[in-house]
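Here is how the chains run, residue by residue.
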Amino acid sequence: MADEELLAFRRSWKQELTDKKEVKRQDADPAVRPGSPSDPGESPSTRRQEGDGEPKYVSIASGLLDGRTSPLLDRLQEERTKKQQQQQQQKKRRHHSTADSCSSSGSSQQKKASKEEKLVDQLIHDLNEVNDIPFFDVELPYELALKIFQYLDCTELGRCAQVSKAWAQLAEDEVLWYRLCLKAGFRPGAGVCDAPCWKSTLRDCRCSHNTVRSNWKSRVGSIIQLQYELGKVLCDVSSCDNFVLAGYTSGDVRLWDTLHWDSPASYLKTNSLSANTEPRPPVSHVQVSSSLAAATYQDGCVDLWSTETGGPPIHHYQSAGGGLAALALSPDSPTLASASGPHVRLDHCDDRGYWRTVRRARLPKPVDSLLLVPGRAPGRPLVAAAAGESVYLLDPRGEEDEEPRLLHSVYGHPVTCLAVSASQLALGVKSSGWAMHDGGNKVGADDQLKGPIQVYSVETQQPVMRVGSSLGDFTCIHLSPAQPLLVCGNKDRRVRLFDLRSGGPSVVSLYAHHLGVTAVQADDWKIVSGGGEGLVCVWELRAGAKLWEMHNRHPVRHVHFQGSTLVTANIPDEKTPRGACITDDDLTAHRRHRGVISRYDFSEDATSQDHILPICRSNYAESYGYNYNIGLAVPYDVLSGLHPY
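These notes cover the structure that comes with them. Predicted model, so just to flag it, every value in this text is computed and none were measured.

Pairing is antiparallel in the open sheet, where four strands are placed in the order 19-20-23-24. Strands at the two margins of the open sheet, each flanked by one partner only, are strand 19 (415–420) and strand 24 (463–467). In this sheet, adjacent strand axes meet at a mean angle of 20° when their direction is disregarded.

Okay, structure coming up:
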């Protein structure tokens with residue numbers, strides 16, 4: 001039975017193959033096909049419309065693709081007939097074998113079938129050619145290829161653009177260059193649709209960045225001294241973005257908006273309690289952010305203003321413990337922290353604009369410094385407070401009677417400076433006294449305990465590393481928010497830079513200021529430091545050399561740079577100086593006692609006249625052209641009454 005079924009299957013298979021060959025032979029013979037070109041009653045266009053049942057517009061488009069038009073139809077048909085006859089003659093002359101003739105006929109049929117493809121199939125084929133990106137021996141979808149290209153930098157994208165047209169089109173995608181622009185630190189917070197061409201935007205930003213760096217190194221730019229004549233002696237200075245806030249011994253608080261010098265928000269009014277007090281209490285601390293400005297007075301009052309509206313304070317309270325020792329303002333949320341003695345108060349603004357106290361705490365010792373951790377979630381601020389030898393962390397989620405969390409404490413080693421970033425907290429400790437180390441009490445003669453810097457993780461609240469060792473005490477410290485760098489100043493007159501990735505010794509150690517370092521800040525290529533002698537120095541990290549320096553009379557207490565701007569403040573230690581005359585009622589009449597705020601802008605063009613210092617543009621005819629810093633004449637001076645030869 002099995003043999004009979006197998007024979008029957010073979011016979012049916014042969015019959016099916018024979019039928020298929022006859023059908024193909026009939027299709028190949030134009031005389032047999034109905035409606036062929038030999039039939040004078042039908043045209044190709046009519047046959048396409050009636051036989052296929054296609055819409056008229058589809059048949060017209062297909063006819064245009066095939067090159068058929070009604071006036072040229074006969075001519076095209078004659079040319080096709082001539083071509084067929086020539087092909088037959090060439091085949092007879094070449095005397096190809098039967099297999100070659102079969103292959104040639106098969107290829108001609110494939111070409112004819114490809115010409116008769118429909119319009120929709122051709123559109124799909126074109127879309128596939130655009131969306132498929134060739135990767136060596138495979139073709140990937142455009143989205144997957146874009147996912148691979150996002151890991152390349154600018155140089156690698158330029159090399160890939162030279163491979164093929166498809167790769168060049170992919171390397172010019174706006175999403176790739178948008179991500180590269182944000183990764184480089186340009187245009188933060190921008191969207192993909194905010195620029196017409198992100199590649200050119202990145203190129204322009206890099207050119208501007210290189211120009212600013214060159215101006216920094218060559219000290220090419222403009223300098224403006226921010227002065228408030230009625231403020232008397234300068235007490236404290238703070239700066240953020242384009243805002244500069246200063247407090248004076250007269251009780252006045254002055255706000256400068258460097259982008260809008262005539263802004264009405266620059267005039268801040270004092271609260272009624274301090275304004276009606278005679279004499280008015282001096283300002284003790286000031287802090288400013290991009291949206292808020294705060295100040296504390298020696299009578300314990302705290303005022304908070306809006307940088308957009310100015311005028312009277314939007315929030316005010318008075319501390320029960322007297323004068324305030326520390327003030328902190330969050331850079332990215334409406335949160336204010338203040339400390340009076342051992343008492344710490346944390347105020348926050350809700351979504352409706354109402355300010356309320358979210359946490360009060362009492363520490364064992366008076367608070368020396370206070371900082372708010374940046375980058376926190378809305379409504380969850382975190383306060384770092386240094387009190388004596390200990391550092392505490394406070395958040396608003398704790399109960400009123402709950403003790404603050406102890407982060408660091410070493411007996412006999414007071415905290416001298418404190419700095420915080422979004423992920424780390426660094427502090428410097430004093431190098432004298434007893435210390436609890438390795439399970440026992442040791443005198444401060446141990447070299448490892450002399451002026452170290454402790455680095456803690458904000459998330460885990462555990463020590464990460466211990467860097468720095470010097471004979472003096474650390475006076476100032478700064479954590480770079482963009483790079484894992486820590487820069488600090490010491491009483492031994494040196495500025496040290498540490499790489500937190502390695503945790504080893506200092507990468508750079510510079511002999512900077514002979515009266516000690518009082519303020520410092522660093523980024524990926526430069527360090528700006530200020531000293532007790534009044535010098536502001538700019539250093540280059542790679543060369544370890546000083547680029548330039550500027551001098552003023554009083555110690556430098558504030559240094560802050562961002563992009564192309566630098567703000568420095570020389571704040572006098574003596575707030576009630578003695579005047580030039582004993583009988584002088586106003587002892588602050590002379591500018592040399594007041595302090596000075598300087599703002600440098602290195603984005604100016606070198607060819608403009610604004611990059612020349614004001615003292616160098618003096619003509620000696622105006623009174624404000626003279627001050628105590630004149631030491632020599634420069635070529636830019638124009639003497640009044642001087643006639644050319």
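Back to the text.
Moving on: helix 7 (residues 142–149). Tyr 142, Ala 145, Leu 146 and Phe 149 are the residues of helix 7 that are buried. Angularly, the buried residues of helix 7 cover 105° about the axis, an arc narrow enough to put them on a single face.

Counting across every chain of the model gives eight aromatic pairs. When the centroid spacing of 5.0 Å and the interplanar angle of 65° are considered together, the rings of Tyr 178 and Trp 198 count as edge-to-face. Taken together, the positions of Tyr 178 in helix 10 (residues 174–183) and Trp 198 in helix 11 (residues 198–218) put the pair 20 residues apart, joining distant regions of the chain. Residues Trp 548 and Tyr 600 carry aromatic rings whose centres are separated by 5.9 Å and whose planes lie at 50° to one another, so their mutual orientation is tilted. Of this pair, Trp 548 sits in strand 32 (residues 545–551) while Tyr 600 is found in strand 35 (residues 596–601), placing the two residues 52 residues apart along the sequence. You'll find Trp 548 and Tyr 600 in the same group, each marked buried.

The end-to-end C-alpha separation of helix 11 is 30 Å, in line with the 30 Å expected for 21 residues at 1.5 Å each. Just downstream of helix 11 lies Arg 219, where phi reads positive at about 55°.

Attention now goes to the pairing of strand 25 (residues 474–479). Among the six residues in strand 25, five count as buried, and that is most of the element. In the sheet, strand 25 pairs with strand 26 (residues 485–490) via five bridges, with the strands oriented antiparallel. Across the sheet, residue Ile 477 finds its bridge partner in strand 26, namely Cys 488. Where strand 25 folds back onto strand 26 in an antiparallel hairpin, the turn is made up of five residues.

Right, let's get into the side chain of His 558. Within the secondary structure, His 558 is located in strand 33 (residues 556–562). Residue contacts for His 558: discarding those within four places in its chain leaves Val 237, Ser 238, Ser 239, Ala 519, Val 567, Thr 568 and Ala 569.

How each quantity is defined
- Residues numbered from 1 in each chain as written.
- Predicted model: local features only at pLDDT ≥ 70, side-chain atom pairs only at ≥ 80, totals over all residues.
- Heavy atoms only, no water.
- Pairing = 2+ DSSP bridges.
- Helix = DSSP H or I, 4+ residues; strand = E, 2+ residues; numbered from the N terminus.
- Axes fitted to C-alpha atoms, helices over the stretch in contact; angles between N-to-C directions.
- Buried < 20%, exposed > 50% of the residue type's maximum accessible area, 1.4 Å probe, protein only.
- Arc of directions from axis to C-beta.
- Phe/Tyr/Trp six-rings, centres within 6.5 Å; stacked < 30°, edge-to-face > 60°.
- Expected span 1.5 Å × (residues − 1).
- Contact = heavy atoms within 4.5 Å.

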